[in-house]
Amino acid sequence: MIRHTLGALCGLALAASLASAQAAKPAKPPKPPAPAAVAALAGYTEADIQAALQAAYDKYKDIQEGKNADYIPALAKVDPKIYGIALVTTDGKVYTAGDVKAEVSIQSISKVFTMAKVIEESGAEAIEKRIGVDATGMRFNSIVAVEFAEKALGGPEINPLVNPGAITATSMVKGASRDEVWKSILGYHSEFAGRPLGVDQEVFKSEAATNQRNQAIGQLMYAYEFIKSDPAQATDVYTEQCAIAVNAKDLATMAGTLANGGKNPVTGKQVLANANVPKVLAVMATAGLYDDSGKWFFRTGLPAKSGVGGGIIAVSPGKFGIAVISPPLDDAGNSVRAQKAIADVSNALGGNPLAPKAR
Ligand code: DON
């Protein structure tokens, strides 16, 4: 009995001392909530995206491969060290690394947006019937590709992302005068970028003085009746559109607009009808990096487009648009750093649309 009473007393004392020890201990601070995933990119936080861009920037900053384009004299003078990366998610967030204020000429990337303009105005069939939507497997300014399409394939078997198809697409933009056509093209590019764009006059003049090959391509497309209006005007407007000045953020916003079903995710404006977006992306997937388009698509699964100014845009549909500017090019005419950096960032963020997760 006494033993029981002592035991009970000891138990009470122990409980009391435990309680007082607990009261003395400061309460644990609540755990901070885990950073929220970005809505457009399930599973990835803002810090993940920024880290992916920075890692790609650091990894390729000092590589020495490639060489500026020099067949347009003004491009040879552009600083080869310019290197900027930008990514715009479909919920309108912008991430950048490196040199994002520097501008380069848009060059062949403009072909995407002029094609989109023609599709908006005249329908996707107009492009398919007049120009074609097949890869040529040849260089972007190949005349053999035109001859082969005409003589061996018997018609419109090229695409609007190589020079003959692009000059033809420019000739198809509606407008009563050169000025009207030009304003329409520049305005459309600006809507994709979300700001009024301008022209690098030095690049325009330099290319206009040296573009005899493109003039010949324009005349040939006219002779074969792909171009139905003044071919000299079409080549001249095409040359000016290639000289539109853009920075990495402009290009990423343009790509982000395609990723977001044609609606600019930063301005909220529907620039390209939703139904027309897959047509544009399909041609980018087939022919966006010229004769290296297959290799690029195999590695990344991303519809993309390069320009000899050093830019590349790529689109992860529903997720993000990404752009890199870096002037040194490989033999196919595609920026060396841009290809590597875009592939890395997309890989790090699950951007390949051809890589579904198994259930
Ligand atoms: O017509 C040309 O040659 C240039 N304005 C554009 C070529 C170009 O960007 C090809 N890109 N990889």
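Keep in mind that what you see is a predicted model, and the values were worked out from it rather than measured. (Residues numbered from 1 in each chain as written. Predicted model: local features only at pLDDT ≥ 70, side-chain atom pairs only at ≥ 80, totals over all residues. Heavy atoms only, no water.)

Visitor: I tried to follow the site of the ligand on my own but got confused; where do I start?
Guide: Taken together, 14 residues sit near the ligand, with Y71, Q107, S108, E207 and Y238 positioned nearest. Between the ligand and E207, the relevant distance is 2.6 Å, taken from a nitrogen atom to a side-chain nitrogen or oxygen of the residue. In this structure, an oxygen atom belonging to the ligand sits 2.8 Å away from a main-chain N or O atom of V308. Here the ligand loses 99% of its free accessible area of 340 Å² to cover by the protein chains. When its residues are assigned to classes, the shell around the ligand shows six nonpolar, seven polar and one charged. (Near = heavy atom within 4 Å. Polar contact = N/O pair within 3.5 Å; in protein donor to acceptor, adjacent residues only side chain to side chain. Areas by Shrake-Rupley, 256 points an atom, 1.4 Å probe, with all protein chains shown as cover. Nonpolar A, V, L, I, M, F, W, Y, C, P; charged D, E, K, R; others polar.)

Visitor: Honestly, the environment of I167 in this entry has me stumped. Any pointers?
Guide: In this structure, I167 sits in helix α7 (residues 163-172). For I167 and F226, which are 59 residues apart along the polypeptide, the C-alpha to C-alpha distance reads 9.9 Å. With near-sequence residues (within four places) excluded, I167 lies in contact with N214, I217, G218, I227, A234, T235 and Y238. (Helix = DSSP H or I, 4+ residues; strand = E, 2+ residues; numbered from the N terminus. Contact = heavy atoms within 4.5 Å.)

Visitor: Is there a simple way to explain the nonpolar core in this structure?
Guide: The tendency in soluble globular proteins is for nonpolar side chains to be buried side by side. Counting 76 residues, the largest nonpolar core has L251, L258, V280 and M284 as the members making the most contacts within it. With residues up to four places along the chain from it excluded, the contact list for V280 reads V112, M115, A116, I119, L258 and L272. Counting 29 residues, the second largest nonpolar core, distinct from the first, contains L53, I63, Y95 and I342. (Core = buried A, V, L, I, M, F, W, Y, C linked by side-chain atoms within 4.5 Å. Buried < 20%, exposed > 50% of the residue type's maximum accessible area, 1.4 Å probe, protein only.)

Visitor: I tried to follow the sheet that holds strand β3 (residues 104-105) on my own but got confused; where do I start?
Guide: As a general point, the strands of a sheet are linked pairwise by backbone hydrogen bonds and lie either parallel or antiparallel. An order of β3-β5-β4 is seen for the three strands of this open sheet, with the pairing classed as antiparallel. The open sheet has two free edges, formed respectively by β3 and β4 (198-199), since each of these has just one partner strand. With two bridges connecting them, β4 and strand β5 (residues 244-246) associate as antiparallel partners. Note that in β5 the partner of G198 across the bridge is A245. (Pairing = 2+ DSSP bridges.)

Visitor: I keep staring at unusual backbone geometry and nothing clicks. Help me out?
Guide: Where the residue is not glycine, phi is negative for most of them; where a peptide bond is considered, it is trans in most cases. If you check the backbone angles, Q107 has positive phi at about 50° while not being a glycine. Mapped onto the fold, Q107 is located in the loop between β3 and α4 (110-122). Positive phi, normally seen in glycine, also occurs at Y290, with a value near 55°. As for its placement among the helices and strands, Y290 is situated in the loop between α13 (277-287) and α14 (293-300). When its relative accessible area of 7% is taken as the criterion, Y290 is described as buried.

Visitor: How do you make sense of a negative patch on the surface when you look at a structure like this?
Guide: Residues E125, E128, D134 and E157 make up a contiguous surface patch of negative charge. Turning to its location among the elements, E125 is positioned in helix α5 (residues 124-130). (Patch = residues over 30% accessible without salt bridge, like charges linked within 9 Å, V, L, I, M, F, W, Y side chains within 5 Å. Salt bridge = Lys/Arg side-chain N within 4 Å of Asp/Glu carboxyl O. Lys, Arg positive; Asp, Glu negative; His and termini not counted. Charge placed at Lys NZ, Arg CZ, Asp CG, Glu CD.)

Visitor: What exactly am I supposed to notice about the environment of A255 here?
Guide: Relative to the helices and strands, A255 resides in helix α12 (residues 248-259). For the pair formed by A255 and G137, sequence separation is 118 residues and the distance between their alpha carbons is 24 Å. With residues near it in sequence (within four places) discarded, A255 still touches I313, A314, V315, G321 and I322.

Visitor: Can you help me understand the packing of aromatic side chains in this one?
Guide: The geometry of two aromatic rings is summed up by the distance between their centres and the angle between their planes. Applying the stated criterion across every chain, the model contains five aromatic pairs. Seen in terms of ring centroids, F140 and Y290 are 5.1 Å apart; in terms of plane orientation they differ by 50°. Their pairing is tilted. Linking F140 in the loop between α5 and α6 (144-153) with Y290 in the loop between α13 and α14, this pair joins segments that are 150 residues apart in sequence. Among the aromatic side chains, those forming a connected cluster through ring pairs are Y71, F140 and Y290. (Phe/Tyr/Trp six-rings, centres within 6.5 Å; stacked < 30°, edge-to-face > 60°.)

Visitor: I keep staring at α12 and nothing clicks. Help me out?
Guide: Across its 12 residues, α12 extends 16 Å between first and last C-alpha, which sits within 8% of the 16 Å expected from 1.5 Å per residue. Counting buried positions along α12 gives 11 out of 12 residues, so the element sits mostly inside the fold. The set of residues buried in α12 consists of A248, D250, L251, A252, T253, M254, A255, G256, T257, L258 and A259. The distance from a side-chain oxygen at the start of α12 to the backbone nitrogen of K249 is 3.0 Å, and the residue carrying that oxygen is N247. Trailing α12 by a residue or two, G261 shows a phi angle of about 65°, which is positive. (Expected span 1.5 Å × (residues − 1).)

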